[in-house]
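Notes for the structure review
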Amino acid sequence: MTQADVRGAIEVAGRVVTRGEVEDFLYAEADILDAWDYDAWFELFEEGARYEIPTTDYRGWSLHAGGSFVDDDYDLIKARVKRLKSRKAHAENPHSRTHRLVSNVRLFAGEEEGTLRIRASFVVHRARDGQFDQYVGWYEHVVVPTEAGLRYRLRRSILGHESLPVGARLSFIL
Amino acid sequence: MPSEVSERVAEPMLVEDWERLTFRVNREAYRSPELFARERVDIWLRTWLYLGHETEIPEVNDFKVRTIAGRPLIFCRDADGEVRAWLNSCPHRGTVLCRETEGSQKRFQCFYHAWTFNNDGTVAAIPDNGAYEDIEALQSSMMLRSVPRLETHEGYVFISFNPDVPPLLEHLGDAADYMTMIEQQHASGVTTLPGVQLYSVRGNWKLAVENAMDGYHFSPTHNTFVGYLRESGFAVTDDDQYAYNLGNGHSLLVLTGHGGRISMVWEPRFGEAEKVRTEEHLAEMRERLGEKRAHYVADESHILFVFPNLLLFDIEGLSIRQLEPVAPGHTDVRAWQLVPREEHEESRALRMKTVVSFVGPGGLATPDDIEAYEAVQRGIEATRGAGELDYSDMSRGMRDEVKGVQGRSIDEGAMRGFWRHWERAVGGGLEVSGERPERFLEGRELA
Ligand code: FES
Ligand SMILES: [Fe+2]
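What comes next is a walk through the structure. (Residues numbered from 1 in each chain as written. Chains lettered and ligands numbered in written order. Predicted model: local features only at pLDDT ≥ 70, side-chain atom pairs only at ≥ 80, totals over all residues. Heavy atoms only, no water.)

Further remarks concern the overall build of chain B. Each helix and strand in chain B was counted, giving 14 helices and 22 strands. Rg of the C-alpha trace for chain B: 23 Å, near the compact-globule value of 22 Å for 447 residues, within the 12% margin. Oriented by its inertia axes, the alpha-carbon framework of chain B measures out at about 75 × 60 × 40 Å. Burial analysis of chain B (447 residues in total) assigns 59% to the buried set. Partitioning the contacts of chain B with sequence separation of at least 6, the portion at a separation of at least 24 is 64%. (Helix = DSSP H or I, 4+ residues; strand = E, 2+ residues; numbered from the N terminus. Rg over C-alpha atoms; globule rule 2.2 N^0.38 Å. Buried < 20%, exposed > 50% of the residue type's maximum accessible area, 1.4 Å probe, protein only. Contact = heavy atoms within 4.5 Å.)

Printed below as a string of structure tokens:
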């Protein structure tokens, strides 16, 4: 099976994952991030997972072959979480206030056995320093179903912008 | 953001006192629309500006569209392989000619009345040209408008809107050799990659320059990044880090012990395989460049500022950063990664990850830099119109300057050099009291 069927479910490693389950996973993550609960967020990654944000000129290359905004391996995700929890993460102290909307969720079979690819749209609103900006784009995630629920192997946010507008930055999680 | 026309700019812009060892910069310099307009004319339309790197347009007919000094340009390689910079504006009635951001094409066609131009600037077609009296004269007078000057050094393409600007190498002076050092880092030379960080900051362009030349902020501002380095087995120190004014507004930080650089200075976080590759590369470099030159190229990190819009970060990996002032409190930034043309696949992956972990608006360090100078831009509103109080202090290290001791990267000497050059360009008054030492403006001996 390469595409979710009409009811939005897909079989991965002998188990049926529904779109509802995937949506709940993404919504729960949005709540975690908006609540600035980075320990809970880190729990959503399997060991060895990656977090990526390509640049706005992205045309599908591997992030190892070009520049990017975020190219985190597992250790860097850990460092990023540690940084964001510190009072010394000046770009996020005080924290940005964010509000996330996730929609257009679709499921596909992952390239690797036992994985699932999620494509979804996001809008993140962010308020800080008297500024209010929006970040829009697509999630292209790879997740694995585990006993404890879905876990990220790759969490990738692709921006729909031509460039980051004035005052915008990716110091929080997109 | 202040949008009202500011109160008259109070002079002087710079106050330098060699008795009290103080150097102060008038904060109007960061926010006055009047000064911004003066900068446009006296700096941006007068001197050499960094346009882009040759490797961004490697093949004939490749082009990129880019705005420099507020002017839309087409940066292209024409059908004969010549690098060109055209004003991106139709000679007919001024329409933006190329509305793609990049691509490959031999001709540019204006959509308005369909005039078509070859990428060597000549007119390819003017539809319905029977209506003109002397079509040949019209066609030759309607060639694409070129920037008045274009010169290249080590692949870095510079333009000037001033036809009488001195030769590029004269402008670059001592900065030229540091650009050569980057090219010499790898036998295969270096090339830019796609994945360009395009972002904008709510701060004056000069705050971005200051920030790059300011080693003093490194520990407090980048506390979380320094912590990450320490945990990965590398302790950052301030030792043996110096700042130089290279003349013509250019400046340089020379850093050792600041952090690793892929294929040059190994750190534990790069892993054992990379250690072996680094040693092999260093041996090859000593062979190719000689012991002494290889030392300058390999052992030091450099942050080079080429006045007024180019920053080269030879730290972690290699980044080109270009500054484009849009308004007094708004700067567009474009950043490319430079890499060896030929590189082991694992080193390349490590390089990209390592560079991005520090630089750019999604990294673990640059967002704090941006936060710092955006906060300056907001904070300096507090003293607007407050005369004596409306100055920023950049005195750090003057005591050593008087003693003839080389300025350190954690001093503010490179900033003072930048500001003196800026003041010579735009005016506004430099008030000097006390006896100026001889030594503080000199460059660096590489003998
Ligand atoms: S304005 Fe370009 S063809 Fe008329
Ligand atoms: Fe910094």
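Let's pick the thread back up.
Our next topic: the layout of surface pockets. Its volume calculated, the largest pocket comes out at about 710 Å³. Along the wall of the largest pocket there are 26 residues; nearest its centre are Glu162(A), Val65(B), Arg66(B), Thr101(B) and Leu198(B). Among the secondary structure elements, those contributing two or more residues to the lining of the largest pocket are strand 4 (62-68), strand 14 (197-201) and strand 20 (330-340) of chain B. In terms of residue class, the lining of the largest pocket is made up of 9 nonpolar, 6 polar and 11 charged. (1 Å grid on protein atoms, 1.4 Å probe; cavity = no way out; pocket = protein on both sides within 12 Å on 5 of 7 lines; lining within 4 Å. Points joined across faces, edges and corners; volume = space filled by probe spheres on them. Nonpolar A, V, L, I, M, F, W, Y, C, P; charged D, E, K, R; others polar.)

Our focus in this paragraph is the interface of chain B and chain A. Across the contact, 35 residues belong to chain B and 38 residues belong to chain A. When chain B packs against chain A, the two sides together hide about 3,100 Å² of surface, and 53% of this comes from carbon and sulfur. Connecting chain B to chain A are 7 salt bridges. With a shortest N-O distance of 3.2 Å, Asp129(A) and Arg378(B) are connected by a salt bridge. Taken together, chain B and chain A are joined by 25 residue pairs in polar contact (both at pLDDT 80 or more). Listed by contribution, the elements that provide at least two residues to the side of chain B that touches chain A are strand 14, helix 7 (218-221), helix 8 (223-231), strand 20, helix 11 (345-358) and helix 12 (366-379) of chain B. Split by residue class, the side of chain B that touches chain A holds 15 nonpolar, 11 polar and 9 charged. With 2 bridges joining them, strand 9 (residues 164-166) of chain A and strand 14 of chain B adopt parallel strand pairing. Each residue of the ladder has a partner; that of Leu164(A), found in strand 14 of chain B, is Tyr199(B). (Buried area = accessible area lost by both parts, 1.4 Å probe. Salt bridge = Lys/Arg side-chain N within 4 Å of Asp/Glu carboxyl O. Polar contact = N/O pair within 3.5 Å; in protein donor to acceptor, adjacent residues only side chain to side chain. Pairing = 2+ DSSP bridges.)

So, about empty space enclosed by the protein. Which parts of space are left empty comes out when a probe the size of a water molecule is rolled across the atoms. Residue and element names in this part refer to chain B. One pass over the structure, following the stated rule, counts 7 cavities of 30 Å³ or more. Space inside the largest cavity adds up to approximately 250 Å³. Looking at the lining of the largest cavity, the elements with two or more residues in it are helix 6 (205-212), helix 7, strand 16 (250-255), strand 18 (310-315) and helix 12. Residue composition of the lining of the largest cavity, grouped by class: 11 nonpolar, 10 polar and 4 charged.

To continue, consider the packing of helix 6 of chain B against helix 14 (residues 413-426) of chain B. All names here are of chain B. Running from N to C, helix 6 and helix 14 cross one another at 150°; their axes reach a closest spacing of 9 Å. Our classification of the angle between helix 6 and helix 14 gives roughly antiparallel. The residues of helix 14 that touch helix 6, namely those facing Trp205, Lys206, Val209 and Glu210, are Met415, Phe418, Trp419 and Trp422. Classifying every residue of the contact of helix 6 with helix 14 by side-chain character gives 6 nonpolar, no polar and 2 charged. (Axes fitted to C-alpha atoms, helices over the stretch in contact; angles between N-to-C directions. Parallel < 35°, antiparallel > 145°, perpendicular 65-115°, else oblique.)

What follows deals with the pairing of strand 4 (residues 68-72) of chain A. All names here are of chain A. Most of strand 4 sits inside the fold, with 5 of its 5 residues counted as buried. Strand direction decides the pairing type here: strand 3 (residues 45-54) and strand 4, joined by 4 bridges, are antiparallel. By the bridge assignment for strand 4, Glu52 is matched with Asp71.

Residues and elements named next belong to chain B. The strand order 3-12-11 describes an open sheet built from 3 strands, whose pairing is antiparallel. At either end of the open sheet lies a strand with only one pairing partner, and these are strand 3 (49-53) and strand 11 (149-153). With strand direction ignored, the average angle separating the axes of adjacent strands in the sheet is 30°. Examined bridge by bridge, strand 3 and strand 12 (residues 156-160) share 4 bridges and lie antiparallel to one another. Considered in strand 12, the bridge of Leu49 is made with Ile159.

All right, on to the coordination of the iron ion (ligand 2) then. All names here are of chain B. Surrounding the iron ion (ligand 2) are the protein donor atoms His217 (NE2), His222 (NE2), Asp369 (OD) and Asp369 (OD), at 1.9 to 2.7 Å. Around the iron ion (ligand 2), the 4 donor atoms sit at angles spanning 54 to 143°, and that spread fits a shape best called irregular. In primary-sequence terms, the residues that donate to the iron ion (ligand 2) follow H-x4-H-x146-D. Taken together, the residues span a long stretch of sequence, with His222 in the loop between helix 7 and helix 8 and Asp369 in helix 12 at a distance of 147 residues. (Donors = N, O, S within 2.8 Å, 3.2 Å for Na, K, Ca; no water. Tetrahedral: all angles 85-135°; square planar, octahedral: opposite > 155°, others 65-115°.)

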